Amino acid sequence: MRHRTQVAIIGAGPAGMFLAHMLRADGIDALVIERRDRAYVEGRVRAGVLEQGTVALMRRLGLSDRLEREGLVHGGTNLSVDGDVFRIDMAALTDGATVTVYGQQEVMRDLFGAAEARGVPIVWDAEDVALDGLDGDHPGVTWRREGVAHRLDCDFVVGCDGYHGVSRGAIPADVLRTFERVYPFGWLGGLADVPPACHELIYANHERGFALASMRSPTRSRYYIQCALDEDVADWSDDRFWDELCLRLGRDTAATVTRGTLFEKSIAPLRSFVAEPMRWGRLFLAGDAAHIVPPTGAKGMNLAVSDVTMLGAALAEHYRDHSDAGIDHYSARALARAWKAERFSWWFTSITHRFPTMDAFDRRIQVAELDYLRGSTAAQRALAENYVGLPLEAA
Ligand code: APR
Ligand code: PHB
């Protein structure tokens, strides 16, 4: 079967779906081609902290009704060193900027619900997705679905297919450069239907390793503890998880932790990764297809959103104003912002985690860095402005 659209979007994660809605709002035709089914994509438990730019985009797209009702607005966040907690008043240190706690699963539900209502087309269960003609004027995407071969002719292809997708690999090896850090530990995460320990997040550096107290709602908590990469989830009973978490959060916070049955217990590796360039011919990359950050700064989804905010505007300029200035600058602009998020996520990871190679000197330096943060408004402001999200113009 042969199809035609203006913009082919590979992948129905946050990058692909936000872009699809932006293009729809600008009257540009797009088709989203996704390898999995909706239940799978919607069911994946991911982070849950939205920068103000992400919230603004949801508002602009008319997708924010539930977010306004259910999102938890946080003006501050907490750090803890061996159980000693201090707060960073992000709103006071910036111009009143906040973040909103609202799970990525909820964002996906809103994006898919509105896509259905607005007739934004998505092909689910597409097998053997392949791209061609990206360096010419007639790019295309092919796939198979229920035994039928499909071909889509388009003007542009946007690779929003995540780290394991096909799009990045379509850039010739002599053009593509990649940069990577793999961290020697993972995060063991657990969800529980219990009230959160604290009404804001706590990022805890402890001698035994990192821990994070987060949440999804006033009745659902999300906790993480740093663990070895070869650890088996089966070895982590609920009791062992709660005991270790409480130890790392320290006695005062532990007293406010409500224990309960943990579900969605899983281990995620931590990685920093960037692919350059983010445009080749008529292919653009956005989101995890181009870059991965460790989850410590909660930047993954927000970075995908800032990519597609820039790309959506650039494509609108192309179709509406017949100007390719935005398209031509996309890669450099998106990479400039992505590298700043990479830097922040790497730095925040490096000051909060226990590295296997750390000696007593390294540990003292970490503690000094956190102590400096506790005492310095300048240092806190630098953390705050990155955590709430650098403005797009800063790129
Ligand atoms: N063909 C079509 N779709 C594909 C292919 C393929 N070959 N490979 C992967 N996909 C789909 C995946 O099934 C997934 O739904 O692309 C989507 C990519 O979504 P994400 O991995 O969520 O990536 P992105 O949209 O860039 O989101 C970035 O959100 O999910 C988090 O951890 C992610 O924080 C990051 C942010
Ligand atoms: C989460 O709630 O899942 C979460 C919050 C903050 C992070 C990472 C994950 O930095």
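The structure under discussion appears in the preceding block.
As a convention, each chain's residues are numbered from 1 in the sequence order in which they are written. To read the labels, note that chains go from A and ligands from 1, taken in the order they are written. A pLDDT threshold of at least 70 governs which residues receive local features in this predicted model, and a stricter bar of 80 or more applies before side-chain atom pairs are shown or counted, although totals over entire chains, interfaces and linings include all residues. Side-chain numbers come from the whole structure's heavy atoms, not from hydrogens or water.

Visitor: Before we move on, could you go through the overall build of the protein and cite the residues and values that matter?
Guide: For the protein, the helix and strand inventory stands at 12 helices and 21 strands. The size measure is the radius of gyration over C-alpha atoms, and the globule rule it meets is 2.2 Å times the number of residues to the 0.38 power. Scaling as 2.2 N^0.38, a compact globule of 395 residues should have a C-alpha radius of gyration of about 21 Å, and the protein matches this with 21 Å. Across its three principal axes, the protein shows a C-alpha extent of roughly 65 × 40 × 40 Å. Only protein chains enter the area calculation, which uses a 1.4 Å probe; residues under 20% of their type maximum are buried, those over 50% are exposed, and those in between are partly exposed. Taking all 395 residues of the protein together, 55% fall into the buried category. The contact criterion used is simple: two residues touch if any of their non-hydrogen atoms lie within 4.5 Å. Intrachain contacts of the protein at a sequence separation of at least 6 include 72% that bridge at least 24 residues. Labels follow the DSSP assignment, with helices taken as runs of H or I lasting at least four residues and strands as runs of E lasting at least two, numbered in each case from the N terminus.

Visitor: Before we move on, can you summarise the packing of helix α11 (residues 360–375) against helix α12 (residues 377–387) with the specific residues and values?
Guide: One way to put it is that α11 packs onto α12 with a least axis distance of 5 Å and a crossing angle of 100 degrees. When the axes of α11 and α12 are compared, the pair comes out roughly perpendicular. Residues Tyr372, Leu373, Arg374 and Gly375 of α11 form the contact with α12, whose own contacting residues are Thr377, Ala379, Gln380 and Leu383. Of the residues that constitute the contact of α11 with α12, the class distribution is 4 nonpolar, 3 polar and 1 charged. For helices, the fitted axis covers only the stretch in contact; all axes are lines through C-alpha atoms, and the angles between them, taken along N-to-C directions, range from 0 to 180 degrees. Reported orientations rely on four angle classes, namely roughly parallel under 35 degrees, roughly antiparallel over 145, roughly perpendicular from 65 to 115, and oblique for the rest. Basically, the charged four are Asp, Glu, Lys and Arg, the nonpolar ten are Ala, Val, Leu, Ile, Met, Phe, Trp, Tyr, Cys and Pro, and anything else, Gly included, counts as polar.

Visitor: Talk me through the sheet that holds strand β3 (residues 30–33); I want residue IDs and the actual numbers.
Guide: At least two bridges found by DSSP between two strands are what make those strands a pair. In space, the 6 strands of this open sheet follow the order β9-β3-β2-β13-β20-β19, with mixed pairing throughout. Taken across any chain shown, the strands that pair with only one partner, and hence form the sheet edges, are β9 (122–123) and β19 (279–280). Pairing analysis gives 4 bridges linking strand β2 (residues 7–10) to β3, with the strands arranged parallel. Bridge assignment links Ile9 to a residue of β3, and that residue is Val32. Packing of helix α1 (residues 14–25) onto the sheet brings it into contact with β2, β3, β9 and β13 (156–159), and relative to β2 it is tilted by some 160 degrees. Packed onto the sheet, helix α9 (residues 300–321) meets β2, β13 and β20 (283–285) and runs at close to 175 degrees relative to β13.

Visitor: Give a description of the sheet that holds strand β5 (residues 72–74) that names residues and reports values.
Guide: Pairing is antiparallel across the open sheet formed by 3 strands, whose spatial order is β4-β8-β5. Each having just a single partner strand, β4 (49–50) and β5 make up the two edges of the open sheet. Sheet analysis places β5 next to strand β8 (residues 99–101), joined by 3 bridges and oriented antiparallel. What sits directly across from Leu72, in β8, is Val101.

Visitor: Describe in detail the pattern of salt bridges, supporting the description with residues and values.
Guide: A pairing counts as a salt bridge when a side-chain nitrogen of Lys or Arg comes within 4 Å of a carboxyl oxygen of Asp or Glu. The full count for this structure, using the stated rule, is 32 salt bridges. Arg4 serves as the salt-bridge partner of Asp155, at 2.6 Å between the closest nitrogen and oxygen. Of this pair, Asp155 sits in the loop between β12 (148–153) and β13 while Arg4 sits in strand β1 (residues 2–4); the two residues are 151 residues apart in sequence, bridging distant segments of the chain. The shortest N-O distance in the salt bridge between Glu231 and Arg240 comes to 3.6 Å. What makes Arg240 partly exposed here is its relative accessible area of 36%.

Visitor: Account for the site of ligand 2, with residues named and values stated.
Guide: For this purpose, a residue is taken to be near a molecule or strand whenever a single non-hydrogen atom of the residue falls within 4 Å of it. Taken together, 14 residues lie near ligand 2, and Tyr203, Ser214, Arg216, Tyr224 and Pro295 sit nearest. Whenever a nitrogen or oxygen atom comes within 3.5 Å of another N or O atom, the pair is scored as a polar contact, on the condition that within protein one atom can donate a hydrogen and the other can accept it, and that pairs from neighbouring residues in sequence are kept only if both atoms are in side chains. Within the side chain of Tyr203, an N or O atom sits 2.7 Å from an oxygen atom of ligand 2. Take Pro295: an N or O atom from its main chain is 2.8 Å from an oxygen atom of ligand 2. Taken by itself ligand 2 offers 270 Å² of open surface, and the protein chains cover 99% of this. Sorting the residues of the shell around ligand 2 by element identifies β16 (211–217) and β17 (220–227) as the ones contributing at least two each. When residues in the shell around ligand 2 are grouped by element, the largest group, 3 residues, is from β16. Using a 1.4 Å probe, accessible areas were evaluated by the Shrake-Rupley method; residue-level cover was limited to the displayed protein chains.

Visitor: Tell me about the packing of α9 against helix α10 (residues 325–352), and name the residues and values.
Guide: Close contact between α9 and α10 brings their axes to 9 Å; oriented N to C, the two are set at 170 degrees. As the angle between them shows, α9 and α10 are arranged roughly antiparallel. Along its contact with α9, which presents Leu303, Ser306, Asp307, Met310, Leu311, Ala314, Leu315, Glu317 and His318, the element α10 presents Ala325, Gly326, Ile327, Tyr330, Arg333, Ala334, Arg337, Ala338 and Ala341. Class assignment for the residues of the contact of α9 with α10 results in 11 nonpolar, 3 polar and 4 charged.

Visitor: I'd like a description of the packing of aromatic side chains, backed by residues and values.
Guide: Aromatic rings from Phe, Tyr and Trp, with only the six-membered ring used for Trp, were paired whenever their centres fell within 6.5 Å, and each pair was classed as stacked if the ring planes differed by under 30 degrees, edge-to-face if by over 60, and tilted otherwise. As enumerated under the stated definition, the model contains 18 aromatic pairs in all. Seen from their ring centres, Trp187 and Tyr224 are 4.8 Å apart, and the 50 degrees between their planes marks the pair as tilted. Separated by 37 residues along the polypeptide, Trp187 in strand β14 (residues 177–192) and Tyr224 in strand β17 bring together distant segments of the chain. When sorted by exposure, Trp187 lands in the same class as Tyr224, which is buried.

Visitor: Before we move on, could you go through the side chain of Glu34 and cite the residues and values that matter?
Guide: Position of Glu34 among the secondary structure elements: in the loop between β3 and α2 (38–43). Here Glu34 occupies a buried position and makes no salt bridge, while the nearest side chain of opposite charge, Arg35, is found at 5.5 Å. Here the side chain of Glu34 touches Arg36 through a polar contact of 2.8 Å, landing on its backbone nitrogen. In this count, Lys and Arg are taken as positive residues and Asp and Glu as negative ones, while His and the chain termini are left out.

Visitor: Describe α1, naming the residues involved and giving the relevant values.
Guide: It helps to recall that an α-helix has 3.6 residues per turn; residues three or four apart then point in one direction. Between its first and last C-alpha atoms α1 spans 16 Å; for 12 residues at 1.5 Å apiece the expected length is 16 Å, and the two agree. Most of α1 is tucked away: 10 of the 12 residues are buried. Restricting attention to buried positions, one finds in α1 the residues Pro14, Ala15, Gly16, Met17, Phe18, Leu19, Ala20, His21, Met22 and Leu23. Of the residues one or two after α1, Gly27 is the one with positive phi, at around 70 degrees. A helix is expected to span 1.5 Å for every residue after the first.

Visitor: Before we move on, could you go through the site of ligand 1 and cite the residues and values that matter?
Guide: If you check the shell around ligand 1, you find 24 residues, and the closest are Ala15, Glu34, Arg46, Gln104 and Asp288. The contact in question runs from an oxygen atom of ligand 1 to an N or O atom on the side chain of Gln104, over 2.6 Å. Here Asp288 contributes a backbone N or O atom positioned 2.8 Å from an oxygen atom of ligand 1. Within the complex, 91% of the 700 Å² of free accessible area of ligand 1 lies under protein. Among the elements that take part in the shell around ligand 1, α9 stands out by supplying 3 residues, more than any other. Here the shell around ligand 1 is built from residues that sort into 10 nonpolar, 7 polar and 7 charged.

Everything listed here is a matter of coordinates, which is why it stays silent on function.
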